[in-house]
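Listed below are the residues making up each chain.
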Amino acid sequence: DFIILEQASRVGGRIRATEFAGTVIEIGPQWLFTGVNPDNESNPVNILHQIANQCGLELRPDQFGARGTVFYNRDGEDIAESLNPVFARYLASTAVAVQLGERLDEIDDPGETVDFSVEAGLRLSGWIPRTPEEQHVEYLSFDFPVAEPTGTVSFRRLFGRDRANRPGTHLVTDQRGYAYLAECIGQAFLDSYHLH
């Protein structure tokens, strides 16, 4: 026997969407992390990604940049293109950070690992967010998806030798909302079991 508990009067926990300018937007989780299967890159490791495909949830690869994310102003206009140059500078700095991580891996002493925060690594790589747009890009590209600010995350964990095992991401763009995934899983469960 088991009991399913939900805090709210709806299924999905933190999954939540709202309508903005005639479009359903997610205000809770927005990404599905696919993971990487070294034996078959087309077969994602994350079971939720597999279920999303089975349920027909609309996804698109997230490039952690203006082309992979949708930005709206208060009038509902997509303003992603105006942030492309800022994202380009951020991505250029992360490329330098990858090189820095590779260099640290080369000189790593097995008994003593050098590490510092992602914030310090990005600053060493030339990314210093001064404008609101730059701060927004850093927040959206790092703090929000990682759920921690750059100052608290290990640089080596993100840019060191283990970076190849980090998951890929897909942005949920389905107008039924991310909650549809929970509904689809719930319906499959109900269809499979006779509940009293």
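Computed from a predicted model, the values in this text were never measured in an experiment.

Engineer: Hey, could you go over the environment of Q175 for me, with residue numbers and the actual values?
Structural biologist: On the secondary structure map, Q175 appears in the loop between β5 (169-172) and α6 (179-192). Q175 gets classed as partly exposed once you look at its relative accessible area, which sits at 43%. A sequence separation of 150 residues divides Q175 from I25, and the C-alpha atoms of the two residues are 7.8 Å apart. The residues contacting Q175, other than those within four sequence positions of it, are T23 and V24. A polar side-chain atom of Q175 sits 2.9 Å from the main-chain amide nitrogen of V24.

Engineer: Explain the pairing of strand β2 (residues 23-26) to me, and be specific about the residues and the numbers.
Structural biologist: As judged from the four bridges shared by strand β1 (residues 17-20) and β2, these two strands associate in the antiparallel manner. Bridge pairing in β2 places T18 opposite I25. What sits between β1 and β2 in their antiparallel hairpin is a turn of two residues, with A21 showing a positive phi close to 50 degrees.

Engineer: Lay out the packing of aromatic side chains in plain terms, naming residues and giving numbers.
Structural biologist: Following the criterion strictly, the structure yields two aromatic pairs and no others. If you follow R176 out to its NZ or CZ, it ends over the ring of Y180, 3.9 Å from the centre.

Engineer: Report on the nonpolar core, specifying residues and quantitative values.
Structural biologist: V118, L122 and F159 are the most contacted members of the largest nonpolar core, which totals 18 residues. In terms of residue count, helix α2 (residues 80-107) provides more of this core than any other element does, seven residues in total. Residues contacting V118, with those up to four places away along its chain left out, are F142, T150, V153, S154, F155, L158 and F159. I15, L32, A52 and C55 belong to the second-largest nonpolar core, a separate cluster that totals 11 residues.

The rules we used
- Residues numbered from 1 in each chain as written.
- Predicted model: local features only at pLDDT ≥ 70, side-chain atom pairs only at ≥ 80, totals over all residues.
- Heavy atoms only, no water.
- Helix = DSSP H or I, 4+ residues; strand = E, 2+ residues; numbered from the N terminus.
- Buried < 20%, exposed > 50% of the residue type's maximum accessible area, 1.4 Å probe, protein only.
- Contact = heavy atoms within 4.5 Å.
- Polar contact = N/O pair within 3.5 Å; in protein donor to acceptor, adjacent residues only side chain to side chain.
- Pairing = 2+ DSSP bridges.
- Phe/Tyr/Trp six-rings, centres within 6.5 Å; stacked < 30°, edge-to-face > 60°.
- Lys NZ or Arg CZ within 6 Å of the ring centre and 35° of its normal.
- Core = buried A, V, L, I, M, F, W, Y, C linked by side-chain atoms within 4.5 Å.

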